[in-house]
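Residues per chain are reported as follows:
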Amino acid sequence: MTSTAAAPCVGCHANRASSLVQLGVRPGRWDYLVALAGNPNTGKSTVFNALTGLRQHTGNWPGKTVVRAEGGFELHDARVKLIDLPGTYSLQAGSADEEVARDFILFGRPDVTVVVVDATRLERNLNLVLQILEITDRVVVCLNLMDEARRHGVGIDVAKLAKELGVPVIPTVARQGNGVPELLEAIHEVATGAVTTAPFRIERHPADVEAAIGTLVRTIRESYPELPNARWVALRLLNADERVESAVRAGDLGDLSERPWLEAGETVAVESDPGASPVGERILDHATSLRWTLSPRFHDSLTESMYGEAQRIAGGSMVRGLKRTKFDMDRFLDRLLTSKRFGFPMMLLILALVFWVTISGANVPSQLLATLFIDTLHPALTGFAAAIGIPPWINGLVLDGVYLATAWVVSVMLPPMAIFFPLFSLLEDFGYLPRVAFNLDTLFKKAGAHGKQALTMCMGFGCNAAGVVATRVIDSPRERLIAIITNNFSLCNGRWPTQILIATIFIGALAPAHFAGLVAASAVVGIAVLGIVAMFVASWLLSRTVLRGEATTFSLELPPYRPPRILQTLYTSIIDRTLIVLWRAVLFAAPAGAVIWLVSNVYIGDASLAKHLIDVLDPFGLLIGLNGVILLAYVVAIPANEIVIPTVLMLTVLTLGLGDLGSGAGVMFELNSASATGDLLRAGGWTLVTGINLMLFSLLHNPCSTTLYTIYRETGSAKWTAVATLLPLGMGFSVCFLVTQVWLLLA
Amino acid sequence: MVSPAVALLIFGAAALLLAGVFWPRQGLVARLMRLAALTERVRLEDAVKHLHDCDYRGQPASVESVAGALEVTRARAVGFVARLEALGLVRTSAERVVLTSVGRAEALRLLRSHRLWERYLADRTGLGPAEWHDEAERLEHRLSPTKVEALASSMGHPVYDPHGDPIPTAAGKLPPRAGFAVTALRPGQAASIVHLEDEPRAVFEQLVAAGLAPGMQVQLLDASAERVRLLADGRVHALEPVIATNITVAPTEGLPEPAGPFETLADLETGDRVVVRDIAPVCQGPQRRRLLDLGLVPGTEVAVEFRGPLGEPIAYRIRGAVIALRREQAELVRIERDGASVEAAT
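None of these values were measured; they are calculated from a predicted model.

Engineer: Just to check I follow, could you spell out the overall build of chain B for this structure?
Structural biologist: Summing up its helical and strand segments, chain B has 13 helices and 14 strands in all. Buried positions account for 38% of the 346 residues belonging to chain B. For chain B, the share of sequence-separated contacts (at least 6 apart) that also reach a separation of at least 24 residues comes to 61%.

Engineer: Which parts of the structure should I look at to understand the overall build of chain A?
Structural biologist: Tallying secondary structure elements over chain A gives 29 helices and eleven strands in all. Per-residue burial over chain A gives 51% buried out of 747 residues. Contacts in chain A between residues at least 24 apart in sequence constitute 73% of all its contacts with a sequence separation of at least 6.

Engineer: Would you take a moment to explain unusual backbone geometry for this structure?
Structural biologist: Leaving glycine aside, a negative phi is the common case for residues, and trans is the common case for peptide bonds. A cis amide bond links E312 of chain B with the next residue in sequence, P313 of chain B, at an omega value of -15°. Turning to its location among the elements, P313 of chain B is positioned in the loop between β11 (301–307) and β12 (314–318). With a phi close to 60°, L145 of chain A is a non-glycine residue in the positive phi region. With respect to the helices, strands and loops of the structure, L145 of chain A is situated in the loop between β5 (139–144) and α5 (146–151).

Engineer: Can you walk me through the nonpolar core in this structure?
Structural biologist: One recurring pattern in soluble globular proteins is that nonpolar side chains are buried together. By size, the foremost hydrophobic cluster in this structure holds 202 residues, and its most contacted members are L36, V115, V140, V141 and C142 of chain A. Looking at which element gives the most residues to this core, the answer is helix α15 (residues 392–430) of chain A, with 19 residues. In terms of nonpolar packing, the next biggest core, distinct from the first, is built from 21 residues, V182, F204, L207 and A244 of chain B among them.

Engineer: Can you walk me through the interface of chain B and chain A in this structure?
Structural biologist: How big an interface is tends to be expressed through the accessible area that disappears when the partners come together. With 46 residues of chain B at the contact, the number on the chain A side is 54 residues. For the side of chain B that touches chain A, the secondary structure elements donating two or more residues are α1 (4–22), α6 (101–125), α11 (285–293) and β13 (321–325) of chain B. Sorting elements by how many residues they give to the side of chain B that touches chain A places α11 of chain B first, with six residues. Residue classes in the side of chain B that touches chain A are distributed as 26 nonpolar, 13 polar and seven charged. Looking at chain direction, strand β9 (residues 555–557) of chain A and β13 of chain B are connected through three bridges and run antiparallel. Along β13 of chain B, the bridge assignment pairs L556 of chain A with A324 of chain B.

Engineer: Can you help me understand the packing of helix α8 (residues 207–223) of chain A against helix α9 (residues 230–238) of chain A in this one?
Structural biologist: Any two packed helices are characterised by the angle at which their axes cross and by the distance between the axes. All names here are of chain A. Interaxial distance between α8 and α9 falls to 9 Å at its minimum, and their mutual angle equals 115°. The two elements α8 and α9 meet at a crossing, and its hand is right-handed. Along the contact surface, α8 presents A212, I213, L216, V217, I220 and R221, while α9 presents A230, R231, V233, A234, L235, L237 and L238. Across the contact of α8 with α9, the residue classes break down as eleven nonpolar, no polar and two charged.

Engineer: Honestly, the pairing of strand β7 (residues 235–239) of chain B in this entry has me stumped. Any pointers?
Structural biologist: If a strand is regular, its side chains alternate between the two faces of the sheet. Residues and elements named next belong to chain B. By the bridge criterion, five bridges tie strand β6 (residues 228–232) to β7 in an arrangement that is antiparallel. By the bridge assignment, L231 is partnered in β7 with V236. Linking β6 to β7, which pair antiparallel, is a turn of two residues; within it D233 sits at a positive phi near 50°.

Engineer: How do you make sense of the packing of helix α3 (residues 40–57) of chain B against helix α4 (residues 63–70) of chain B when you look at a structure like this?
Structural biologist: Residues and elements named next belong to chain B. Between α3 and α4, the least distance of the axes is 10 Å, while the angle of their chain directions is 120°. Looking at the two axes, α3 sits oblique to α4. Pair α3 / α4 crosses with right-handed handedness. On α4, the residues touching R43, D46, A47, H50 and C54 of α3 are S65, V66, A69 and L70. Counted by class, the contact of α3 with α4 contains five nonpolar, two polar and two charged residues.

Engineer: Looking at this structure, how should I read the pairing of strand β2 (residues 96–99) of chain B?
Structural biologist: All names here are of chain B. Burial along β2 is one-sided: the residues V97 and L99 are buried and none of R96 and V98 is. Summarising the sheet, strand β1 (residues 90–93) and β2 pair through four bridges and their orientation is antiparallel. Bridge pairing in β2 places S93 opposite R96. What sits between the antiparallel neighbours β1 and β2 is a turn of two residues, in which A94 has the positive phi angle 55°.

Engineer: Looking at this model, I keep getting lost on the sheet that holds strand β8 (residues 247–251) of chain B. Mind explaining?
Structural biologist: Within a sheet, adjacent strands bond to each other through the backbone by hydrogen bonds, running parallel or antiparallel. Residues and elements named next belong to chain B. A sheet is described by the order of its strands in space; here six strands give the open sequence β3-β8-β4-β5-β6-β7, paired in antiparallel fashion. Single-partner strands in this sheet number two, and they are β3 (180–181) and β7. Sheet topology places strand β5 (residues 217–223) next to β6; five bridges connect them, and they run antiparallel. The residue of β6 that forms the bridge with A223 is V228.

Engineer: How do you make sense of the sheet that holds strand β9 (residues 263–264) of chain B when you look at a structure like this?
Structural biologist: The seven strands lie next to each other as β9(A)-β13(B)-β12(B)-β11(B)-β10(B)-β14(B)-β9(B), forming an open sheet whose pairing is antiparallel. The open sheet has two free edges, formed respectively by β9 of chain A together with β9 of chain B, since each of these has just one partner strand.

Engineer: Just to check I follow, could you spell out the confidence of the model for chain B for this structure?
Structural biologist: In low-pLDDT regions, the fine details of the predicted coordinates are not to be read closely. Residue and element names in this part refer to chain B. The predicted model of chain B has a mean per-residue pLDDT of 80, with 93% of residues at 70 or higher. Of all helices and strands in chain B, the one with the weakest mean pLDDT is helix α13 (residues 339–345) (43), whereas β12 scores best (90). Contacts for the low-pLDDT stretch residues 339–346, under 50 throughout, to residues beyond four places or in other chains number twelve contacts. Taken together, the chains of this predicted complex give a pTM of 0.77 and an interface ipTM of 0.77.

Engineer: How should I be thinking about the confidence of the model for chain A in this particular structure?
Structural biologist: Residue and element names in this part refer to chain A. Confidence along chain A averages 79 in pLDDT terms, with 85% of residues attaining 70 or more. Note on residues 1–15: pLDDT is under 50 here. Beyond four places in sequence and across chains, it has 28 contacts. Of the regions scoring below 50 in pLDDT, residues 256–275 engages in 48 contacts with residues more than four places distant in sequence or in other chains.

Engineer: Explanation requested: α11 of chain B in the structure shown.
Structural biologist: Since one α-helical turn is 3.6 residues long, residues separated by three or four positions face the same way. With nine of nine residues buried, α11 of chain B is to be regarded as a mostly interior element. Buried within α11 of chain B we find G285, P286, Q287, R288, R289, R290, L291, L292 and D293 of chain B. Residues of α11 of chain B that are buried sit in contact with α12 (298–317) and β9 of chain A together with α6, β10 (273–279), α12 (327–330) and β14 (333–336) of chain B.

Engineer: Where do I start with the environment of R235 of chain B in this structure?
Structural biologist: Secondary-structure assignment places R235 of chain B in strand β7. R235 of chain B sits in the partly exposed class, given 13 other C-beta atoms within 10 Å.

Engineer: Honestly, α8 of chain A in this entry has me stumped. Any pointers?
Structural biologist: All names here are of chain A. Over its 17 residues, α8 extends 25 Å from the first C-alpha to the last, a length consistent with the 24 Å expected when each residue adds 1.5 Å. Every buried residue belonging to α8 is among V209, A212, I213, L216, T219 and I220, and all of these are buried. End-on, the buried residues of α8 take up no more than an arc of 125°, which puts them together on one face. In α8, those exposed residues whose orientation departs by more than 90 degrees from the buried face are A207, E210, G214, R218 and E222. Contacts made by the buried residues of α8 are with α9, α11 (278–293) and α12.

How each quantity is defined
- Per chain, residues are indexed from 1 in the order of the written sequence.
- Lettering of chains starts at A and numbering of ligands starts at 1, both following the order in which they are written.
- In view of the model being predicted, local features appear only for residues whose pLDDT reaches at least 70, and side-chain atom pairs are presented and counted only at 80 or more, with totals across whole chains, interfaces and linings using the full set of residues.
- Under the DSSP-based scheme used, a helix requires at least four consecutive residues in state H or I and a strand at least two consecutive residues in state E, with every element numbered from the N terminus.
- Here the C-beta atoms are placed from the backbone, and a residue counts as buried if at least 20 other C-beta atoms lie within 10 Å of its own, exposed if 12 or fewer do, and partly exposed otherwise.
- Two residues qualify as a contact pair if the distance between their C-beta atoms, derived from the backbone, is within 7 Å.
- Residues of type Ala, Val, Leu, Ile, Met, Phe, Trp, Tyr and Cys that are buried and joined through C-beta atoms within 7 Å form what is called a nonpolar core.
- Charged residues are taken to be Asp, Glu, Lys and Arg, nonpolar residues to be Ala, Val, Leu, Ile, Met, Phe, Trp, Tyr, Cys and Pro, and polar residues to be all remaining types, Gly included.
- Pairing between strands requires that DSSP locate at least two bridges from one strand to the other.
- Here the axes come from fitting lines to C-alpha atoms, over the contacting stretch only for helices, and the angles between their N-to-C directions go from 0 to 180 degrees.
- It is the rotation of the near helix from the far one that decides the hand of a crossing: anticlockwise by less than a right angle makes it left-handed, clockwise makes it right-handed.
- Just so you know how the angles are binned, under 35 degrees is roughly parallel, over 145 roughly antiparallel, 65 to 115 roughly perpendicular, and the rest oblique.
- One confidence number per residue, pLDDT, is output by the predictor and ranges from 0 to 100.
- Any helix carries an expected span of 1.5 Å times its number of residues minus one.
- The directions from the helix axis to the C-beta atoms form the arc being described.

See below:
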């Protein structure tokens, strides 16, 4: 990165581009850069989709856009790049999301910043609009959710609002595409400068602030007599705005002028060596000493005056007295879904329903895929390979190892995910998830954890790696770590097949035949609930020991319920969740297949490597009620839990020396019926306790490698990745050991 | 195969042993690491800090006071002071030990690190107030100057630590000491708390438990040799004079008269509609900003919508949005039932 601190570089677009790369924007060719800002849950992502035609996933819970999305579109022959910033209430509280948004508006210097505003809560949203207007004047306000506002009896005098704010205001219903052409037109006009804006700015501050601004402006003017927005710079310095400070320190103050894009010379305020400019140091010194003179309520009064103005402007442009819909559906639903009597039962019911639909719906397509990939294609491929004379070991490694493992993962994982993720997205769209967090919050508080951990926990039922990424909505580092480490206790999709099969064989069989299915299903839901309990226990333990601390401030917005759009949800959640998760799983499963084939076919002495490893692991496995086969299967299945069962079956056949089952060493298979599988497992020495322990161990063990990699990437710390690995593993070993030994003691 | 009873016993014993060795803070490993951390450098740094503290308060420092502060024998303290003198950090004259300018810069660097850590622990970690100081004492010796600056910038360059003490700037500037002990007030006189002394810990814990915090308004009701009675937020606190001297106050000018006791958002019933008065001074840093950003500024109307199935959290309608707060946060927002007076004031 070259620093351009010293000389202004005339007209170099490249420098802005490099600072944008620093801000995480993919380089590319575009004519205008447009940023999309707004409060959480104002339909920002929907506006993004409406503008770009991209199908970014949208959801009805605050803080959904945790990864910044970007897209592009054409507008009057100009290429526009659109950046979706994280939703924030303000640019000042200093959470990671807010910093991303603020830095982008300040240093990415978008040609236009579109602020999406929820028309139903104009006053609250204007707070952010006013803060953005303090930084840039190239703003278009998108007044979204106009339909909801009308339903709530809120009307807005758009022309008056636009006059007050001094920037274009466009009413939209982005979900239906209403107002989008007008929004595009306004973006174009502001980008090209066809419309000049005169943004509203707060002029008066409390006396002590005004005094401090006054003296600081004099100091700044001594060195930069021509700086147009010295007042703004002074206020930011009194607020300890780090980016402004670093620009001042580097002597780049000129670049922070109000309309940098209109100047001939474009330079970028890249962070350069501190202490580069003695003038800057003097200004900073003065600012720091002034900060001691300010009342501690300095920040309070700034926020107060923002909200005061927001209230005045909103009040002036609201049209009241419109007809409201009589029945307040939101209130009714909230009272029901969070009530003392029905809150928790409804939650369990919905959880069980989602599981049931996923499991029963996935059965048939899973079978079809398995028949296609494993029963039909695999023999055909093997036959073909043999016919053209490929050496058997390559054939084994590639087809029996890599291909089969991948085929297993796809056929076992794709159908449940393609059902679970859309269901989850529907709940998300509807707005139920924040209510889950609301209901469970007291428990999370007792465990010393963050209330939004409930959201990431729910996500984890689909895929733990996705759940770990979702923890970005938690802004306290301690609580985020707890959420990351304990996400693995949400029983993910990849582990359900194991649970269901084992529950059917060992637990369902205990009940009379016509109850067997129900008993087995309850056992699986029981394990999932046990996982939630384990998550609370682990969170509590962590916040009492290595991550000591009390739960911090937490507020949860409960957005209005919105009717989910079923078709679009199906489409987007399959595209951006299911396929991405599946692709990652395949990437990790393919090498695992090779390893499985190799350990079963590489011989040391007279036994395969697998046999040796099983013999080594067996004593420990038996001690905790499992066996060497299961442990080995879990070691090689670290990349993807889906292949545990086929690997277990293959290894069992290998150790029993049953030649007639399966298709050879290192070839994974599954039997057609649960009872046949049960017979095989019992022949391998399995009992009811083995079954129960396997279910427990499948819940309580190390995360899969995809999740581990995600944890490492999110925390950037090998230490916490190790904790996330060893904690559930230790819990799993201990729980299985205790169950087994107590069972033996009582039996 | 071992018998299950034996296996369980061995497991229990192993679990206890592991816990004893690795338990955070009280475990063997933690104790050994603490001991190892108390190197000579740390001792010397603590001595420098003590000398600066005396200087800042205008009290004389001596070898005896160094020995007292570090909890070592006089002989060892003499050794430390000699070492500091050799390093050019202090000068000794007669009984006095005085910091040189190099020593003062070093002391301010340590103080900056210490107070930044306290700010960090208070704002970002959720550690209780009583633990800030001890933890910061440990952490202050660990960071290089660049890391300290990174810490400061990650928090937006705070000016005060959570006890109300100014944080020295990176250039080593510190404003002169302001304020005086609360006991110096005349009966009936009001002032605002600017600092709560965090040492000794037991005293600080008592002050925190009483609900006192920097930024709060106090009024001295009466003071005698046995007892000092203070009125803070409408509640009367009776403290021993020796404890009350740990409260530093500054005169209130232009601030409203002390009032209270206050009702808070946590005291309301479902369906109540009230107006925000302010956010309690005890709530600082990002947590305060977050509440403000939710729109909980003076004069805001708030209605209680519904409660969670376990009685908590409570959902409030604030400026058009339904927002759930935990009891602890709701208690920080002070309200007025009769909105008229506040609205007139703002």
